[in-house]
Amino acid sequence: MISRMIIIVAVCLAAVGTVWADNVTLPQTTQLLLPPVSGSIMAVSQNKPATIDMSRKTGKQVKGDISLKKAMLLSILLPGAGEYYSGAKVRGQIFMGIEAAVWLGFAAYRVYGGWKKDDYQAYAAAHAGVDNSGKNADFYDWIGFYDNRNEFNQLGRLYYPERSYMPDTRAYSWQWDSPANRLQYKNIKDMSKAAFRNSTFMIGLAIANRVISSIDTYRTVKAAQNRLASLSNIEGYHVSLSPRPFGANPGFSVAVSRKF
């Protein structure tokens, strides 16, 4: 008699457990979907099987699915943001660190180039009597190769006839006080130009960082979606309980089947 009561209680607990499990939220937003028990305690008392049918699909239900388009857009706007959004926080921080270093380098080169530009213009005014107002980059390049305006115009007639000449006015007149100072001027100007070139190179690095981050984000999101799909494709399982509380040979049998 006691064994029969134990069997009935076990079936009841299985039914209650099935209903409770229908509302369980598993870790990492994974939810197990289970239907209620088919059959009843009356069926058990008549030696009829009570079946727990869990043939519905189980799998991972992610709250707020990761959007590939959103992740890619974030990576383009700020490298590393797409990785951070899709859960790869360490790689996201690396890309963000690279982005910060790139723009700090860009700012540093621009500032340094501007300082050196002021230096070579002041140097030209002090050692060649250059009037810096209204002069373009070509003018500052030319005065580094010629001691004065007359030399520029005379050699230009011989070697560069297509080049325009400097006007015979005080505004475009210069005379270096020594060849050494002219070379020193060229060195300062070259340092400024190199700094500005490097700042342009940093922009190229920023673009490359976005391209690489976008590719990494795409692979990260696709890998996560593939893992999710592999979990979602697992079919549910079917559990069949067949208690026999009455009769000459009481007992029960359990059959479990699962499809993949």
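Residues numbered from 1 in each chain as written. Predicted model: local features only at pLDDT ≥ 70, side-chain atom pairs only at ≥ 80, totals over all residues. Heavy atoms only, no water.

Caption draft 1: Main features of the overall build of the protein chain. Each helix and strand in the protein chain was counted, giving eight helices and seven strands. In the protein chain, which comprises 260 residues, the proportion classed as buried is 31%. Within the protein chain, contacts between residues separated by at least 24 positions form 64% of all contacts whose residues are at least 6 apart in sequence. Total accessible area computed for the protein chain in this model is approximately 15,800 Å², and 62% of it derives from carbon and sulfur atoms. (Helix = DSSP H or I, 4+ residues; strand = E, 2+ residues; numbered from the N terminus. Buried < 20%, exposed > 50% of the residue type's maximum accessible area, 1.4 Å probe, protein only. Contact = heavy atoms within 4.5 Å. Areas by Shrake-Rupley, 256 points an atom, 1.4 Å probe, with all protein chains shown as cover.)

Caption draft 2: Fine view of a nonpolar patch on the surface. The grouping of Trp 103, Ile 203, Ile 207, Val 211, Ile 212 and Ile 215 at the surface amounts to a nonpolar patch, some 540 Å² of accessible area in total. If you tally residues by element for the nonpolar patch, the top one is helix α8 (residues 179–232), at five residues. Along the chain, Trp 103 falls in helix α5 (residues 89–128). (Patch = residues over 30% accessible without salt bridge, like charges linked within 9 Å, V, L, I, M, F, W, Y side chains within 5 Å. Salt bridge = Lys/Arg side-chain N within 4 Å of Asp/Glu carboxyl O.)

Caption draft 3: Looking closely at the packing of aromatic side chains. Taken as a whole and assessed by the stated rule, the structure comprises ten aromatic pairs. Measuring from ring centre to ring centre gives 5.1 Å for Trp 142 and Phe 152, while their planes differ by 40 degrees; the resulting arrangement is tilted. Linking Trp 142 in helix α6 (residues 137–142) with Phe 152 in helix α7 (residues 149–159), this pair joins segments that are ten residues apart in sequence. Judged by its relative accessible area of 24%, Trp 142 is partly exposed. (Phe/Tyr/Trp six-rings, centres within 6.5 Å; stacked < 30°, edge-to-face > 60°.)

Caption draft 4: The nonpolar core, seen in detail. Residues Val 130, Phe 139, Ile 143, Trp 174, Trp 176 and Tyr 185 are the most contacted members of the largest nonpolar core, which totals 15 residues. Looking at which element gives the most residues to this core, the answer is α5, with four residues. Once residues within four sequence positions are removed from consideration, Phe 139 is found in contact with Val 130, Met 166, Tyr 172 and Trp 174. (Core = buried A, V, L, I, M, F, W, Y, C linked by side-chain atoms within 4.5 Å.)

Caption draft 5: Looking closely at the confidence of the model for the protein chain. Predicted confidence across the protein chain gives a mean pLDDT of 76, with 63% of residues reaching 70 or more. Mean pLDDT values for the elements of the protein chain range from 33 in strand β1 (residues 25–26) up to 96 in α5. Low pLDDT, under 50, characterises residues 1–44; the stretch is placed with 62 contacts to residues that sit more than four places away or in other chains. Contacts for the low-pLDDT stretch residues 50–64, under 50 throughout, to residues beyond four places or in other chains number 65 contacts. (pLDDT = per-residue confidence, 0-100.)

Caption draft 6: Structural view of the environment of Trp 174. Turning to its location among the elements, Trp 174 is positioned in the loop between α7 and α8. Sequence separation of Trp 174 and Ala 124 is 50 residues, and the distance between their C-alpha atoms is 8.6 Å. Filtering out sequence-adjacent residues up to four positions away, Trp 174 remains in contact with Ala 128, Val 130, Phe 139, Ile 143, Tyr 146, Asp 147, Asn 148, Arg 149, Phe 152 and Met 166. Here the side chain of Trp 174 touches Tyr 146 through a polar contact of 3.0 Å, landing on its backbone oxygen. In terms of polar contacts, Trp 174 uses its side chain to reach the backbone carbonyl oxygen of Asp 147, at 3.4 Å. (Polar contact = N/O pair within 3.5 Å; in protein donor to acceptor, adjacent residues only side chain to side chain.)

Caption draft 7: Spotlight on the pattern of salt bridges. Under the defined criterion, the tally for this structure stands at eight salt bridges. A salt bridge links Asp 216 to Arg 91; the shortest N-O distance between them is 3.0 Å. Here Asp 216 is found in helix α8, whereas its partner Arg 91 is found in helix α5, with 125 residues between them in sequence. In this structure, the salt-bridge partner of Asp 141 is Lys 193, at a minimum N-O distance of 3.5 Å. Taken together, the residues span a long stretch of sequence, with Asp 141 in helix α6 and Lys 193 in helix α8 at a distance of 52 residues. Judged by relative accessible area, Lys 193 falls into the partly exposed class, the value being 35%.

Caption draft 8: Focus on the environment of Ser 214. Along the chain, Ser 214 falls in helix α8. Here the alpha-carbon distance between Ser 214 and Glu 83, two residues 131 residues apart in the chain, equals 8.7 Å. Excluding anything up to four places from it in sequence, Ser 214 contacts Met 72, Ser 75 and Ile 76. Within the structure, the side chain of Ser 214 is placed 2.8 Å from the backbone oxygen of Arg 210, a separation counted as a polar contact.

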